[in-house]
Structure formats: C-alpha cells, structure tokens
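# Close look at the chain arrangement
These are the residues of each chain, in order.
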Amino acid sequence: MKVSIIGATGYAGAELMRLLLNHPDAEVVHVTSESHTNVPVSDVYPHLKGIYDQKLESLSDIKRIGADSDFIFIGLPAGHAMEIGRALADMPTRIIDLGADYRFHDTAVYEEWYKVPHTHKDAERVYGLAELNRSKIKNAKIIGNAGCYTTASILALAPLVKEHLVDVHTIVIDAKSGVSGAGRSAKLPNHFPELYDNFKAYGVATHRHTPEIEQALTDIGGEKVLLNFTPHLVPMSRGILSTCYAQLREGVDEAAVTKAYHTMYDDEYFIRLRGLGAYPETKYVRGSNFCDIGWHIDKRTRRVIVLSAIDNLVKGAAGQAVQNFNIACGLDEKTGLALAPVYP
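The sections below set out a description of the structure shown in this document.

Conventions adopted
Residues numbered from 1 in each chain as written. Predicted model: local features only at pLDDT ≥ 70, side-chain atom pairs only at ≥ 80, totals over all residues. Heavy atoms only, no water. Phe/Tyr/Trp six-rings, centres within 6.5 Å; stacked < 30°, edge-to-face > 60°. Helix = DSSP H or I, 4+ residues; strand = E, 2+ residues; numbered from the N terminus. Buried < 20%, exposed > 50% of the residue type's maximum accessible area, 1.4 Å probe, protein only. Core = buried A, V, L, I, M, F, W, Y, C linked by side-chain atoms within 4.5 Å. Contact = heavy atoms within 4.5 Å. Pairing = 2+ DSSP bridges. Axes fitted to C-alpha atoms, helices over the stretch in contact; angles between N-to-C directions.

Okay, the packing of aromatic side chains next. A complete count under the given rule lists 13 aromatic pairs for this structure. When the centroid spacing of 5.5 Å and the interplanar angle of 45° are considered together, the rings of Tyr269 and Phe290 count as tilted. Of this pair, Tyr269 sits in the loop between helix H10 (254-265) and strand E11 (271-276) while Phe290 sits in the loop between E11 and strand E12 (291-298), and the two are 21 residues apart along the sequence. On the basis of relative accessible area, Tyr269 is assigned to the partly exposed category, the value being 41%. Owing to a relative accessible area of 8%, Phe290 belongs among the buried residues under this scheme. Put simply, the rings of Phe71, Phe73 and Phe325 touch in pairs and so form one group of aromatic residues.

Here you go:
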C-alpha cells in the first residue's frame, strides 16, 4: 500500500515514519510540512538520517498526493483534516486522521468543544479505537483515530460499562501525560524551566477529550455517560497514566469485575491485563503499542479504581493509526507493531 503522511514533522508524524519503516505492506510516498517545505525530513529529525531523506512537500497539490496514495495519514491541528477529506471525497484514497475532525458522530459537539466550524458534516466516518470498532474500521473511507487520553481512559472503563457493573454517572478520570502530547510547537508552559520539577493540572472541566470519552462509553453501554475528566502534565517526554474511578452497582464484587476484563480483553494482543491489585507504569509500555491495565476494589467506599498506561505517541496516536491501517487492509493487526517496549 502506498501511504502519505500529512503533517509529518509533528511528533506523531515522526512516530508514524518510525513505525512504517518496518511495515512490510506500506511504502511512504509523500511526506508534507507547510513549515519545512522543500527541506529534507532528516534535517528536521536528524535521527531519521539515512532512513528518510526525501524532501517535505507542500499540501498545495493534495489531489496529486491523493492520486498517488492508497491511504493518507493526517497529523494536523483541528480544522485542517476536514478540508483534505472534502478535497479527496470523490477519490478512492482512504484517510486516517490522527486529529479530532472525524471523531464525533455529531459535528455540533465537535464545534462546541473545538470552536471550529465543521465543513465536512456529511463525511462517512468511523471512530478509530481499534479494539472496539474493528468491524466498522475495516471498510471505512475515513477513520477518526482515537485521542491519547481517550484511548487510555476508554479502554480502562469499557468492560465495566459494557457489563453495567458501575453507575456511569459517578465516573471520574484523573490522567497524567508526558509533554509530547502537547505537540512540537514551542509554548511557554512547555519551556524546560517552566516544566522541569513541576506537576500541574490543566483544562479542568473543559478538556476537549471529555466528550470523546463520553461518546465512546455511551456507545459501549447504551446509557448516556456524563463524567469528570482532569488531565495533568508530567515532566517526562512520553506516556499516559489514566486513573479512573466509578461506583460499583449493588451486588457487584471483585470476581465480576475481573471476569469483565478477561471476557473483553483476553484475545486482544495489545491489551495486557495486569490484574486485580496491579500498578501499571508508563515505563513498561514506552515505545510500544501496548495498553497495560490493572484494577483495585475499595470495599470501604464500594468504588472500583482502574489504572491504564500507554505510550501517548504510539498506542495513543501513531501506533493506533497503524493498527487501524492494518485492520482496513485486512492484515494482521500486529504487522509493523510487534515491538517490545523500550526499557529502562
């Protein structure tokens, strides 16, 4: 399959190049960047020297790029992917958008949270969380790759919601991310003196991943979900640890919770169940497409507490995009992704 990466100089774009290098069924034919047009990729990312030395292109001729590509991966800020989707609507090229433009069933929800008018409301799109939507992803024209916080949190809570083991109105998500999740552009809060030896919350009650998590969990359980999500920034490059809380329904015990996780995930290669009482860590998944999950039952408060760890740039972005690509191509989902985490 011939693939192109739009917005290749962001962290997710660079990670896509790394993963696709060893993919036996993908050939990268175009890489674009509006800020580094006509510059070799390896000048922007020296770690790719001798691996990707082609020059970055402009999006100005997206029809030509689309004609050359079976799949296009888009790693652009909100509001840009939909324009590409519209431009390629009459072409057979399939799209995997790592941004938010195609994640929502209802574009009004997107517009409310992202403050951007949606210009491709009639697009046929599928939410790209591989473990939950693979049957729909297989034939989708446009795949809206799930977000990083959302992947960790939805996978942590899905078995509980699917089996109706918790009160969905009591869900609280407390998540921490490495700074690469904020993107590569220079920002004062991410400046080393501001970030180092610091730990902070942000986007309290306003973070854009909130409605995405609610949408997915509502779809899974068939019951409207309204939750609290608070993200935090940690002074590390990669990784997300999501700690999720919910009140157990009457009569639900440890055995029922444990059974729900094994029933849903025992056959999922990229989800590793650490089990009851376990403490997943970001270092155990670094550089991999794995999601590690552990859970605890607080008998005193009758709450379940689920811990989920992923690499935000792999399972939370580029790795999930490649997993979706594999599903869409009818390939083994592990193709190009059977990588052990980098440790220590």
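Moving on to the nonpolar core. Residues Ile171 and Val257 are the most contacted members of the largest nonpolar core, which totals 43 residues. Elements that contribute at least two residues to this core include exactly helix H7 (148-162), strand E7 (166-178), helix H9 (209-221), strand E10 (240-248), H10, E12 and strand E13 (303-310). Of all the elements, H7 adds the most residues to this core, at 10 residues. When neighbours within four sequence positions are excluded, Val257 is seen to be in contact with Leu160, Leu165, Leu248, Val252, Trp295, Ile297 and Val304. If you look at the next biggest cluster of nonpolar residues, it comprises 40 residues, including Val126, Phe290, Ala317 and Leu337.

Taken in spatial order, the 6 strands of this open sheet run E2-E1-E3-E4-E6-E5, and their pairing is parallel. Each end of this open sheet is capped by a strand with a single partner; those strands are strand E2 (27-32) and strand E5 (125-128). Averaged over neighbouring strand pairs, the angle between their axes works out to 20° when direction is ignored. The sheet contact formed by strand E1 (residues 2-6) and E2 spans 5 bridges and is parallel.

So yeah, pure geometry; function would need other evidence.
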